[in-house]
Amino acid sequence: LYDTYPLSEAEWHTHQFDFIGAHACRLLKPGGVLSYCNLTSWGDFLKGKYDNIETMFKETQISHLEKAGFKKENVSWEVITNQPPKDCKYYQFPLMLAPKCIKA
């Protein structure tokens, strides 16, 4: 599990792909699994641009995962019920998505 956090607003939505592209596929053995979460970015997308977490994931994450070396057919996910604290500033959506990226 790679738990991400941006270091600047400029990389708010994409910082996880620097690590994933440079290291995840290289370090994983065939059949190895990467799961990651970027609630700061996803929470921002789900505040206005998207109301469907799976559509958001497909449109904002899959192409980056493919560029990093994961095959689209080896990327799946599970949608999980989520209850963030009411005072959480970056995520208020009632669902969370857990990606499963398998190295071919």
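A short tour of the structure in this document, coming up. (Residues numbered from 1 in each chain as written. Predicted model: local features only at pLDDT ≥ 70, side-chain atom pairs only at ≥ 80, totals over all residues. Heavy atoms only, no water.)

### Some words on the sheet that holds strand S2 (residues 33–34)
What the 3 strands build is an open sheet, ordered S2-S5-S4; its pairing is antiparallel. The sheet is open, and its two borders are formed by S2 and strand S4 (75–81), each paired with just one other strand. Looking at chain direction, S2 and strand S5 (residues 95–102) are connected through 2 bridges and run antiparallel. Its bridge partner being in S5, leucine 34 is matched across the sheet by cysteine 101. (Pairing = 2+ DSSP bridges. Helix = DSSP H or I, 4+ residues; strand = E, 2+ residues; numbered from the N terminus.)

### Here's the deal with helix H1 (residues 15–27)
The end-to-end C-alpha distance of H1, which contains 13 residues, comes to 18 Å, matching closely the 18 Å that a straight helix rising 1.5 Å per residue would cover. The largest bend in H1 is about 40°, located at glycine 21. Every buried residue of H1 is listed here: His15, Gln16, Phe17, Ile20, Ala24 and Cys25. (Expected span 1.5 Å × (residues − 1). Bend = angle between axes of the 7 residues up to and from the residue. Buried < 20%, exposed > 50% of the residue type's maximum accessible area, 1.4 Å probe, protein only.)

### A look at the state of the cysteines
A full pass over the atoms with the stated rule returns 0 disulfides. Cysteine 101 forms no disulfide, and the closest cysteine sulfur to it belongs to cysteine 25, at a distance of 8.6 Å. Note on cysteine 101: relative accessible area 0%, which makes it buried. (Disulfide = S-S within 2.5 Å.)

### Let's talk about the side chain of threonine 60
Relative to the elements of secondary structure, threonine 60 occurs in helix H3 (residues 53–60). On the accessibility criterion, threonine 60 (11% relative accessible area) is buried. From its side chain, threonine 60 meets the backbone oxygen of methionine 56 in a polar contact 2.7 Å long. Of the polar contacts made by the side chain of threonine 60, one reaches the side chain of glutamine 61; its length is 3.0 Å. (Polar contact = N/O pair within 3.5 Å; in protein donor to acceptor, adjacent residues only side chain to side chain.)

### Some thoughts on the environment of alanine 24
Within the secondary structure, alanine 24 is located in helix H1. For alanine 24, a relative accessible area of 5% puts it in the buried group.

### A look at the nonpolar core
Ile20, Tyr36, Trp42, Leu65 and Phe70 are the most contacted members of the largest nonpolar core, which totals 26 residues. For this core, the secondary-structure elements that each account for two or more residues are H1, strand S3 (36–37), helix H2 (39–45), H3, helix H4 (62–67) and S5. Top contributing element to this core by residue count: H1, with 4 residues. With sequence-adjacent residues up to four places away left out, tryptophan 42 is seen in contact with Tyr36, Cys37, Met56, Phe57, Gln61, Tyr91, Leu97 and Pro99. (Core = buried A, V, L, I, M, F, W, Y, C linked by side-chain atoms within 4.5 Å. Contact = heavy atoms within 4.5 Å.)

From the geometry alone we can't say anything about function, so treat these as descriptive.
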